[in-house]
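# Chain and residue survey
Each chain, written out:
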Amino acid sequence: MHIAEGYLPPVHAAAWGVASAPFVIHGVRALTREVRANPDSTLLLGASGAFTFVLSALKIPSVTGSCSHPTGTGLGAILFRPPIMAVLGTITLLFQALLLAHGGLTTLGANVFSMAIVGPWAGFAVYALLRRSGAPLMVGVFFGAFVADLSTYCVTSVQLALAFPDPGSGVVGALAKFGGIFALTQIPLAVSEGLLTVLVMRLLVQSSKGELTRLGVLLQGGAKKEAAVR
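First, a word on scope: everything that follows refers to the structure included in this document. Each chain carries its own residue numbering, running from 1 in the written order of its sequence. Selection of residues for local features in this predicted model requires a pLDDT of at least 70, selection of side-chain atom pairs for listing and counting requires 80 or more, and totals for whole chains, interfaces and linings are taken over all residues. Excluding hydrogens and water, the side-chain figures rest on all heavy atoms present in the structure.

### Details of the overall build of the protein
Put simply, the rule reads: Runs of E in the DSSP output that reach at least two residues are strands. Runs of H or I that reach at least four are helices, and both are numbered from the N terminus. Note on method: radius of gyration uses C-alpha positions; expected globular size equals 2.2 Å times residues raised to 0.38.
Across its full length, the protein carries nine helices and two strands. Of the regular secondary structure in the protein, the N- to C-terminal order runs α-α-β-β-α-α-α-α-α-α-α. Scaling as 2.2 N^0.38, a compact globule of 230 residues should have a C-alpha radius of gyration of about 17 Å, and the protein matches this with 18 Å. Oriented by its inertia axes, the alpha-carbon framework of the protein measures out at about 60 × 35 × 25 Å.

What follows is the structure, given as structure tokens:
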């Protein structure tokens, strides 16, 4: 899903950077408030960022100029909400571009928009909707992580289609081509990421009940009720 360095036309690269900037700035403010109000949350914040870094570094070649991989953004979005995940995702993508040659600086805005903005917001929206509908915590976590991953690949497909429309069928034809190729690897990866995120959340429920309750992930009064519905 990381679009490679120099692959997007300069105008497209700049436009995605401009589109991403307000979300990242908002996220920096939200992250600053969270750390100031709850210094103890830094450990869980770091773990969320590390989870994203490790999973999104596992790349599988896919569409020319891009790749398929898990994203790891669903967990952070559920724990700390999408604005903070925009910052953690941007930091992840920046370090991967500089240290791993995964993605790039010119395409950073496009990669941030797909993986650190749209993915977390879409995943969190599905998670929140399921929880409000009475779904068990782990069901919401699975589908939240699944949608965060899959929506990222959908946006990357749109970005590539806009930059490289098909000569005959235009953007729609290119979108069908990019999306179809991505789907072969990304759908199984999204399912796997959902299951892994559930596993991690189960561990957090056991080890960080107080913090998860404060964050609103667990119901007020403890994790026993959540455990009963898993």
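### Looking at the nonpolar core
Which entries qualify depends on this criterion: Residues enter a nonpolar core if they are buried and are Ala, Val, Leu, Ile, Met, Phe, Trp, Tyr or Cys, with the set joined through side-chain atoms within 4.5 Å. Exposure categories follow from relative accessible area, calculated using a 1.4 Å probe and restricted to protein chains: below 20% of the type maximum is buried, above 50% is exposed, and the middle band is partly exposed. Residue contacts follow a heavy-atom distance rule, with two residues in contact if any of their heavy atoms lie within 4.5 Å.
The biggest cluster of nonpolar side chains holds 31 residues, and the ones touching the most others in it are Leu-79, Leu-137, Met-201, Leu-204, Leu-212 and Val-217. At the level of elements, α1 (10–37), α2 (42–56), α3 (73–80), α4 (82–99), α5 (108–132), α6 (137–163) and α7 (170–207) are the ones that each hand at least two residues to this core. Apart from residues no more than four positions distant in its own chain, Leu-212 is found in contact with Leu-44, Leu-79, Met-201, Leu-204, Val-205, Val-217 and Leu-218. Ranked by size, the runner-up nonpolar core spans 25 residues in total, among them Phe-113, Tyr-153, Ala-161 and Ala-174.

### Thoughts on the environment of Val-172
One can find Val-172 in helix α7. Val-172 sits in the exposed class, given a relative accessible area of 66%. For Val-172 and Thr-156, which are 16 residues apart along the polypeptide, the C-alpha to C-alpha distance reads 14 Å.

### Here we look at the pattern of salt bridges
Pairing is possible between side chains of opposite charge, provided their charged atoms come close. Let me state the cut-off plainly: A carboxyl oxygen of Asp or Glu within 4 Å of a side-chain nitrogen of Lys or Arg is what we treat as a salt bridge.
Throughout the structure, instances matching the rule amount to two salt bridges. With its nearest N and O atoms 2.9 Å apart, the salt bridge here joins Arg-214 to Glu-34. On the criterion of sequence distance, the pair formed by Arg-214 in helix α8 (residues 209–214) and Glu-34 in helix α1 is long-range, its members being 180 residues apart. Since its relative accessible area comes to 35%, Arg-214 is described here as partly exposed. Judged by its relative accessible area of 13%, Glu-34 falls in the buried class. A salt bridge links Arg-214 to Glu-211; the shortest N-O distance between them is 2.7 Å. Placement of both Arg-214 and Glu-211 in helix α8 is noted, with a separation of three residues, approximately one turn of the helix. According to the relative accessible area criterion, Glu-211 is buried, its value standing at 18%. Look at the salt bridges and you will find they share partners, linking Glu-34, Glu-211 and Arg-214 into a network.

### As for the side chain of Ser-41
Its place among the elements puts Ser-41 in the loop between α1 and α2. Judged by relative accessible area, Ser-41 falls into the buried class, the value being 1%. With near-sequence residues (within four places) excluded, Ser-41 lies in contact with Glu-34, Phe-80, Glu-211 and Arg-214.

### Notes on the packing of aromatic side chains
The cut-off we apply is this: Stacked, tilted and edge-to-face are the three classes applied to pairs of Phe, Tyr and Trp rings, where Trp contributes its six-membered ring and a pair requires centres within 6.5 Å; stacked means planes under 30 degrees apart, edge-to-face means over 60, and tilted covers the rest.
The final tally for this structure, using the stated rule, is six aromatic pairs. Their ring planes at 50° and their centres at 5.0 Å tell us that Trp-16 and Phe-113 sit as a pair that is tilted. With Trp-16 in helix α1 and Phe-113 in helix α5, the pair connects residues that are 97 residues apart, well separated along the chain. Residue classification places Trp-16 among the buried residues on the basis of a relative accessible area of 15%. With relative accessibility at 17%, the residue Phe-113 sits in the buried group. With 6.4 Å between their ring centres and 80° between their planes, Phe-23 and Phe-113 make a pair best called edge-to-face. One end of the pair, Phe-23, is in helix α1; the other, Phe-113, is in helix α5, and 90 residues separate them in sequence.

### Quick look at α3
Along α3, eight of the eight residues are buried, which leaves the element largely enclosed by surrounding structure. Of the residues making up α3, those classed as buried are Thr-73, Gly-74, Leu-75, Gly-76, Ala-77, Ile-78, Leu-79 and Phe-80. One or two positions beyond α3, positive phi appears at Arg-81, with a value near 80°.

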